[in-house]
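Examining the three-dimensional arrangement
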Amino acid sequence: MKSRFWAITAMIVGVLSTAWLSVQLYQSEQRALERDFEYFVENQAQLIHWRVEASMSVLYHLSTLYQGSDSVTEVEFANVADGILARHREITALEWVPKVEHDQRQALEQQLQQTYTAFTFVDLQQGQRVTAAPRDSYLPVYYLRPLANNEERFGLDLAQQPHHADVLKQAMMSGSLLISPVHRDAEGGRHIEAVLPIYHSLPLTESSREPLLMGFVIGVFDIDLLLRETIAGGQGLYIDYEIVDRTEADGYTVLNLANSLSKTQTYREVELGELGQRSWYLLARANSLFFTSQRSINPFIVAVGGIVALLACGSFLWQSRRQNKEIEQLVQARTEELNRVNQQLTRQSLTDGLTQIANRRQFDNWLSQEWESARRTKKTITLFVMDVDNFKDYNDRYGHLAGDRVLKKIARMLNSQLNRPRDLLARYGGEEFAAVLPETGNKAVKFADSLRAMVEALGIPHEGSDVSDSVTISIGVATMVPELDQTPEQFFELADQALYRAKSQGRNCVAYHNEQQGALATLG
């Protein structure tokens, strides 16, 4: 009886121990899989953000047509737009919508009527296109690619369409790219519009934006093509996704990918970050297949094996511990991989830590790209190399912290003046700055001298300077149209030589490379 008692007791203890071990293993796997789910969703959110941002960036590329030009032809617009459309299936239309005063209307209509005989500015009245009534100004869809399947928008005065008018006004007043809410077309397709305002010159105040408005570059995007293909396969098949827009109080669903009606309580919500002034969130809920497809059968083996043969308990315990270790190692490996990716992104930062402008690496890349662009288009490119005069003496007299503040002030002032999209100011090293200015030409030297004067006008005291009572800079300027046998390094050397001449001529001046005479000259 006594042995039987101990046998039953051992059996009960064995069964309870096995059951406890099985539950612990199951819960450990569940926690590991839930962590995997969170990492996967966060990575998916980052991928969606990058995909949308990259797709919207084509509008900035298209907007370069209007930088410094008020007369872009339809052919020029079509050449750039068609190239973009060929690379982006998600874009269904690219449009140029100029701001047109009433006295300009007839001339612009006649211009397009040479190609499209019936073209005129139109309104929509009860779903029908009618000739736009006279008014002070218009915002017509003037250039449109492709025209096929988009004929209803051609010539349409968007200022008279309440939905479009609100979006255009918000974009104009913000001065930056804006994404519209999702809307459906006549065939039921779901689209968003990205609107980028273009100004004749940079507005300095909010009230000056409307008078300076030239028009808008608009891209129409198929939201399903844009987002649905970005959602990854594999594990993504076992996750129900929903993207919601919470910009307004009554948020709505942008995209819903529900692969299964069987839901668990494992839920994750990630903000996608600001995209075109809209607040999008990724909602993800793991369905049952996400866990069952990856969960091992070890917990069940441990439970059954413990009931059938207590002698196998030790083996199952060892196996359970081994599986736990493998899962933890997998989680640790994935965590380390994410950390390595984050460290790599940090190392690849393109911003100078002190001045918050471009650093040397970004400058080198930017100069190479603009150099190649200027060489292809046979247009000028200008390079400024700037040096703070007697900066070592300033540091010795006022201290390095004061010197850092001087560099920040100069960087902010210089950067505020380089306001074209393709201009770039960079901290080249120490107290030296460099600026790339495409298509600047004969105005470069005068512009450089105005920057020099602005720095001096900051009035930063410099008692140790042998040039002025205030902090000053010297600038070397080089401008040329690149040839095939020339390199960006040679170009930089010309600007650097000009800077050396400026410093040798007494500092606080501008020296430039005279391309016609192949010599150096000093302004003033």
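What comes next concerns the included structure. (Residues numbered from 1 in each chain as written. Predicted model: local features only at pLDDT ≥ 70, side-chain atom pairs only at ≥ 80, totals over all residues. Heavy atoms only, no water.)

**Examining the pairing of strand β12 (residues 252–257)**
The test is simple: At least two bridges found by DSSP between two strands is the condition for calling them paired. Secondary structure counts use DSSP, requiring at least four H or I residues in a row for a helix and at least two E residues in a row for a strand, with both numbered from the N terminus.
As paired elements, strand β11 (residues 239–245) and β12 share five bridges and run antiparallel to each other. Pairing of Glu-242 across the sheet is with Asn-256, part of β12. Connecting β11 to the antiparallel partner β12 that follows it, the hairpin turn spans six residues.

**A word on the pattern of salt bridges**
Side chains carrying opposite charge are able to pair once their charged atoms draw close together. Threshold: When a carboxyl oxygen of Asp or Glu lies within 4 Å of a side-chain nitrogen of Lys or Arg, that pair is called a salt bridge.
Overall, the coordinates contain 25 salt bridges when judged by the stated rule. Here the residues in one salt-bridge network are Glu-370, Lys-379, Arg-422 and Glu-439, joined through shared partners.

**Focus: the layout of surface pockets**
For the record, the criterion: Think of a 1 Å grid over the protein atoms and nothing else: a 1.4 Å probe that fits but is trapped marks a cavity, an open set flanked by protein within 12 Å on at least five of seven lines marks a pocket, and residues with an atom within 4 Å of a point count as lining. Grid points are joined across faces, edges and corners, and a volume is the space filled by probe spheres set on the points. Each residue gets one of three labels, nonpolar for Ala, Val, Leu, Ile, Met, Phe, Trp, Tyr, Cys and Pro, charged for Asp, Glu, Lys and Arg, and polar for the others, Gly among them.
Space inside the largest pocket adds up to approximately 1500 Å³. Taken together, 41 residues form the lining of the largest pocket, with Ser-63, Thr-64, Gln-67, Pro-421 and Arg-422 sitting closest to its centre. Elements with a minimum of two residues in the lining of the largest pocket: α2 (58–63), α3 (74–87), β9 (190–199) and α11 (360–377). If one sorts the elements of the lining of the largest pocket by residue count, α11 sits on top with six residues. A class-by-class count of the residues in the lining of the largest pocket yields 15 nonpolar, 16 polar and 10 charged. Taken as a whole, the second largest pocket holds about 640 Å³ of empty space. Together, 19 residues line the second largest pocket, and Asn-150, Glu-152, Arg-153, Asp-185 and Ala-186 are the ones closest to its centre. A class-by-class count of the residues in the lining of the second largest pocket yields four nonpolar, eight polar and seven charged.

**Observations regarding empty space enclosed by the protein**
For the structure on display, the rule yields one cavity of 30 Å³ or more. Here the largest cavity defines a volume of roughly 30 Å³. The wall of the largest cavity is formed by Glu-370, Ser-373, Ala-374, Thr-377, Lys-379, Thr-380, Arg-422, Pro-438 and Glu-439. When residues in the lining of the largest cavity are grouped by element, the largest group, four residues, is from α11.

**Comments concerning the environment of Ala-93**
Applied cut-off: When a residue's accessible area, from a 1.4 Å probe over protein chains only, is under 20% of the maximum for its type it is buried; when over 50% it is exposed; and in between it is partly exposed. Two residues qualify as a contact provided that any one of their heavy atoms is within 4.5 Å of a heavy atom in the partner residue.
Residue placement: Ala-93 occurs in strand β1 (residues 91–98). Take Ala-93: its relative accessible area is 1%, and that puts it in the buried class. Taking C-alpha positions, Ala-93 is 8.9 Å from Ala-81, a pair spaced 12 residues apart along the chain. Among all residues touching Ala-93, those that are not within four sequence positions of it are Leu-144, Arg-145, Pro-146, Asn-150, Ile-218, Gly-219 and Val-220.

**Some thoughts on helix α5 (residues 162–174)**
So the rule is basically this: Expected span of a helix: the number of residues minus one, times 1.5 Å. This arc describes the spread of directions from the helix axis toward the C-beta atoms.
Here α5 spans 18 Å end to end across 13 residues, near enough to the 18 Å set by a 1.5 Å rise per residue. For α5, the complete set of buried residues consists of His-164, Val-167, Leu-168, Ala-171 and Met-172. End-on view of α5: buried residues confined to an arc of 130°, all on one side of the axis. For α5, the exposed residues lying more than 90 degrees away from the buried face are Pro-162 and Lys-169. Turning to α5, the residues buried within the fold contact β7 (178–179), β9, α6 (209–212) and β10 (213–222). Looking one or two places after α5, you find Gly-175, whose phi comes out positive at around 75°.

**Quick look at a nonpolar patch on the surface**
Quick note on the threshold: In this analysis, a patch consists of residues with relative accessible area above 30% that form no salt bridge, clustered at 9 Å for like charges and at 5 Å for the nonpolar side chains Val, Leu, Ile, Met, Phe, Trp and Tyr. Note that accessible areas follow from Shrake-Rupley with a 1.4 Å probe, and for residues the cover is restricted to the protein chains shown.
Nonpolar side chains collect at one region of the surface, where Ile-8, Ile-12 and Leu-16 lie side by side and expose about 290 Å² of accessible area between them. Note that Leu-16 resides in helix α1 (residues 2–56).

**Digging into the packing of aromatic side chains**
Rule in force here: Paired rings are identified among Phe, Tyr and Trp, the last through its six-membered ring, by centres lying within 6.5 Å, and are further divided according to the angle between planes into stacked (under 30 degrees), edge-to-face (over 60) and tilted (the rest). Criterion for a charge above a ring: Arg CZ or Lys NZ at most 6 Å from the ring centre, at most 35 degrees from the ring normal.
Per the stated rule, a full pass over the model turns up 15 aromatic pairs. Look at Tyr-116 and Phe-154: their rings are 5.1 Å apart centre to centre, the planes differ by 80°, and that puts the pair in the edge-to-face class. A residue pair is termed long-range when its members are at least 10 positions apart, and Tyr-116 in the loop between α4 (102–113) and β3 (122–125) and Phe-154 in the loop between β6 (143–145) and α5 qualify at 38 residues. Owing to a relative accessible area of 10%, Phe-154 belongs among the buried residues under this scheme. Three or more aromatic residues joined by ring pairs make a cluster, and in this case those are Phe-77, Tyr-116, Phe-119, Phe-121, Tyr-138, Tyr-142, Tyr-143 and Phe-154. One residue, Arg-246, lies across the ring of Tyr-281, its end atom 4.9 Å from the ring centre.

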